[in-house]
Amino acid sequence: MLASLFAAALAVAAQCDLEAPSGAPNCERRQVDTLRIDQIQAIGTHNSYKQAISPKQMAMLRAVNAKEAANIDYAHPPLSDQLAAGARQLEIDVLNDPQGGRYADPLGMKMAPDVPYDLAPLKGPGLKVMHAQDIDYRSSCPLFTGCLAEIRAWSKAHPDHVPLLILLNLKEGGLNVPGAVQAVTFDAQAMDAVDAEIRSVFAPGDLITPDQIQGRYATLRDAALAHAWPTLKAARGKVMFALDAPRNQVDLYRGDRKSLEGRVMFVNIDEASPAAAYITLNEPKEQAARIAAAVRAGLIVRTRADADTNEARTGDRSRQEAAFAAGAQYVSTDYMKPDPRLGSYEAHLPGGGVARVSPASR
């Protein structure tokens, strides 16, 4: 009986915008707020902080590698503008800079000075935000804490939003050319610094953390498989973080923990790990069945509607259609609005709205 009632409620909620329920029978806040957060689907953005490379520096890149230049020829408005437009997942690339100033004199600026950019925020110690030091360094929020403060301010001003997922990539290495700067490796101390900077901006009550989800379960994976995620009612206005990183960085962040005890972030890890609750599966056509299975099992999944400006240049929407149909809770795009230089391509939830029930929900 309970299962059939829940199925009926889910069917009704599937017609709703979960952030602004209206327009369908029984589509109201008390109806949708009983859903768990692993049952939703929302859109987000990729490299959300990224500003456009200046014209002279882009011309220089095209002369060296036209394909790579095309791949990174996109940009986003400020984070708060994206959130206002309906993005509920953001992605931030973070560079380690414990001494300060390491990335404050980019090679691209020296080789092709062009549109002014304020490098002063990069001179102090602390985590920095950019796509690639030396060539793609322009960010709407160059300090990690600055990005976090902007997100928190928007969230506090809009306390009914569905939970935000903030993905972090930890950048290391750099260009193998004279004069280029190599990014500092993230060691155990730097991993702690990432958590510390997040906690310096967000209070415990603002966050959805691995410990909250694991609760009484032996592992985080056990909790995810039991669908022990909070309801929308409990999660509105909150933020969760996920480390979308290679396995060596994930292992360093976990340390000797059984799951992710005491950590702020969930981690991108395979479904069999004791730390499994989140996974990045960025190829929605090839990985459609795996995405749907992970969502049904209780994991949070992020995938991509487009990549490397390819879909925007061709107008091909088949990838985003596959992404939404597979049911990933967060579908990332570079084009919440079209880039008029490239065409009319954009990505948005089927039927519109900010959030809906995931097609793979159970």
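Here's a quick rundown of the structure. Bear in mind the structure is a predicted one, so any value in this text is a computation, not a measurement. The residue numbering used here restarts from 1 in each chain and proceeds along that chain's sequence as written. Totals for whole chains, interfaces and linings use every residue, but because this is a predicted model, local features are given only for residues with pLDDT of at least 70 and side-chain atom pairs only at 80 or more, for both listing and counting. Side-chain figures throughout are based on the complete set of non-hydrogen atoms in the structure, without hydrogens or water.

Regarding the sheet that holds strand β3 (residues 128-129)
Pairing between two strands is assigned when DSSP locates at least 2 bridges connecting them. A helix here means a DSSP run of H or I that spans at least four residues, while a strand means a run of E at least two residues long, and both kinds are numbered starting from the N terminus. Ordered by their spatial adjacency, five strands build an open sheet running β3-β2-β4-β5-β6, and the pairing between neighbours is mixed. If you trace the sheet from one side to the other, it starts and ends with β3 and β6 (266-267), each paired once. Contact between two residues is taken to exist if any of their heavy atoms lie within 4.5 Å; hydrogens are not considered. The convention used is that axes are lines fitted to C-alpha atoms, helices contributing only their stretch in contact, and that angles between N-to-C directions extend from 0 to 180 degrees. Contacting β2 (89-95), β3, β4 (164-171) and β5 (239-243), helix α7 (residues 144-157) runs over the sheet at an angle of about 160° to β2. Across the sheet, helix α12 (residues 247-254) is in contact with β4, β5 and β6; its angle to β5 comes to roughly 120°.

Quick notes on the pairing of strand β9 (residues 330-333)
Buried residues are those whose accessible area, probed at 1.4 Å on protein chains only, stays under 20% of the maximum for their type, while exposed residues exceed 50% and partly exposed ones sit between those limits. Burial of β9 is two-sided: the residues Y330 and S332 facing one way and the residues V331 and T333 facing the other way are all buried. Across three bridges, strand β8 (residues 300-304) lies against β9 in parallel orientation. Across the sheet, residue T303 finds its bridge partner in β9, namely V331.

Considering the environment of P204
With respect to the secondary-structure elements, P204 resides in the loop between α8 (188-201) and α9 (210-214). Sequence separation between P204 and L220 is 16 residues, and the spatial gap between their C-alpha atoms is 19 Å.

With respect to the pattern of salt bridges
Salt bridge, as applied in this entry: a Lys or Arg side-chain nitrogen positioned within 4 Å of an Asp or Glu carboxyl oxygen. Under the counting rule described, the total for this entry stands at 23 salt bridges. Note that D73 and R62 form a salt bridge whose closest N and O atoms lie 3.2 Å from each other. Here D73 is found in the loop between α4 (66-71) and α5 (79-84), whereas its partner R62 is found in helix α3 (residues 55-64), with 11 residues between them in sequence. Looking at D73, the relative accessible area reads 11%, which means it is buried. Connected through shared salt-bridge partners, R62, D73, D339 and R341 make up one network.

Describing the sheet that holds strand β10 (residues 355-357)
Sheets are built from strands paired through backbone hydrogen bonds, the pairs being either parallel or antiparallel. Taken in spatial order, the five strands make up an open sheet running β7-β8-β9-β1-β10, and their pairing is mixed. Of all the strands in the sheet, just β7 (278-280) and β10 have a single pairing partner and so form its edges. Going from strand to strand, the sheet's axes swing by 25° on average, the running direction of each strand aside. Pairing geometry for strand β1 (residues 40-45) and β10, over three bridges, is antiparallel. In the strand pairing of β10, A42 is matched with A355. Sitting on the sheet, helix α13 (residues 288-297) touches β7 and β8, and the angle it makes with β8 is about 155°.

Describing the environment of P359
Position of P359 among the secondary structure elements: in the segment after β10. Using a relative accessible area of 45% as the deciding quantity, one classes P359 as partly exposed. Through-space distance from the C-alpha of P359 to that of R296 is 9.7 Å; in sequence the pair is 63 residues apart. Aside from chain neighbours lying at most four places away, what touches P359 is Q41, F324, A325 and G327.

Concerning the state of the cysteines
Our working definition of a disulfide is a cysteine sulfur pair at a distance within 2.5 Å. For the structure shown, the criterion picks out one disulfide. A sulfur-sulfur separation of 2.0 Å characterises the disulfide bridge that pairs C141 with C147. With the S-S bond torsion at 95°, the cross-link from C141 to C147 turns out right-handed. Using a relative accessible area of 0% as the deciding quantity, one classes C147 as buried.

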